[in-house]
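Descriptive analysis of the structure
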Amino acid sequence: MLEEEMLEKRVWAVVGANQDPEKFGNRIYNKLKARGYEVYPVNPMYESIDGDKCYKDLSSLPVLPDVIDMVVSPKRGKAFIDEAASLGIRYIWLQPGTHDGGILKQIDELELQGVQACVLVALR
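The present account deals with the structure reproduced in this document. Predicted model, so just to flag it, every value in this text is computed and none were measured.

1. Digging into the overall build of the chain
- Across its full length, the chain holds 5 helices and 7 strands.
- Counted from the first residue to the last, the chain has its helices and strands arranged as α-β-α-β-β-β-β-α-β-α-β-α.
- Relative to the 2.2 N^0.38 estimate, which gives 14 Å for 124 residues, the radius of gyration of the chain is 13 Å and therefore close to what a compact globule would have.
- Its C-alpha atoms give the chain principal-axis dimensions of about 35 × 30 × 25 Å.

2. Describing the nonpolar core
- With 22 residues, the main nonpolar core has L7, W12, V14, I28, L32, W93 and V119 as its most contacted residues.
- Mapped by element, the contributors of at least two residues to this core are α1 (2–8), β1 (11–15), α2 (24–34), β6 (91–94) and α5 (119–122).
- When residues of this core are assigned to their parent elements, the largest contribution, 3 residues, is made by α2.
- When sequence neighbours within four positions are dropped, the list of residues in contact with V14 reads G25, I28, Y29, L32, V39, Y40, P41, V42, D69 and V71.
- In terms of nonpolar packing, the next biggest core, distinct from the first, is built from 20 residues, L61, M70, L94 and L112 among them.

3. Describing the pattern of salt bridges
- For the structure shown, the criterion picks out 3 salt bridges.
- Where K33 meets D52, a salt bridge forms, and the shortest distance between an N and an O atom there is 2.6 Å. Linking K33 in helix α2 with D52 in strand β4 (residues 52–53), this pair joins segments that are 19 residues apart in sequence.
- For D52, a relative accessible area of 25% gives the class partly exposed.

4. Considering the side chain of Q95
- Following the sequence through the fold, Q95 ends up in the loop between β6 and α4 (101–109).
- Take Q95: its relative accessible area is 3%, and that puts it in the buried class.
- For Q95, the side chain forms a polar contact with the side chain of W93, separated by 3.3 Å.
- Sequence-distant contacts of Q95, defined by excluding residues within four places in its chain, comprise I28, D69, M70, V71, A117, C118 and V119.

5. Concerning the environment of P44
- Note on placement: P44 falls in the loop between β2 (38–42) and β3 (48–49).
- Under the relative-accessibility criterion, P44 is labelled partly exposed at 49%.
- A C-alpha to C-alpha distance of 6.8 Å links P44 and D57, two positions 13 residues apart in sequence.
- Among all residues touching P44, those that are not within four sequence positions of it are Y55, K56, R76 and F80.

6. A word on the pairing of β1
- Burial of β1 is extensive: 5 of the 5 residues sit out of reach of the surface.
- Traced from β1 through α2 to β2, the parallel crossover comes out right-handed.
- Alignment of β1 against strand β5 (residues 67–70), held across 4 bridges, turns out to be parallel. The residue of β5 that forms the bridge with A13 is I68.

Here is what the cut-offs are and how they apply
- Residues numbered from 1 in each chain as written.
- Predicted model: local features only at pLDDT ≥ 70, side-chain atom pairs only at ≥ 80, totals over all residues.
- Heavy atoms only, no water.
- Helix = DSSP H or I, 4+ residues; strand = E, 2+ residues; numbered from the N terminus.
- Rg over C-alpha atoms; globule rule 2.2 N^0.38 Å.
- Core = buried A, V, L, I, M, F, W, Y, C linked by side-chain atoms within 4.5 Å.
- Buried < 20%, exposed > 50% of the residue type's maximum accessible area, 1.4 Å probe, protein only.
- Contact = heavy atoms within 4.5 Å.
- Salt bridge = Lys/Arg side-chain N within 4 Å of Asp/Glu carboxyl O.
- Polar contact = N/O pair within 3.5 Å; in protein donor to acceptor, adjacent residues only side chain to side chain.
- Right-handed = clockwise from strand over helix to strand, strands pointing away.
- Pairing = 2+ DSSP bridges.

Here is the structure:
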């Protein structure tokens, strides 16, 4: 199953990570870290998240992640998915509310692998 295959990958980027502990971007970032994943926050609006350097885009990450976890609106997500494809990142995890027909079509056309699920539920 694709979801399990993605969860076995150890290097993730959370697109839309933020500093608000009540928001999903922060909760997902911290859950992945707590589970031993090597995880990088990506959000052009922050310098750091919980003391960790935050990156403005996928291209500025120190390592190439296996999976990107999308925690942004479909409108904001399109550019990150294009960037992931250009960098050779194949796995896109779409949190609830982060996808629409356009995003799903884009993932398909770029020949990426996408999962629509909540990583917080998957890592219970």
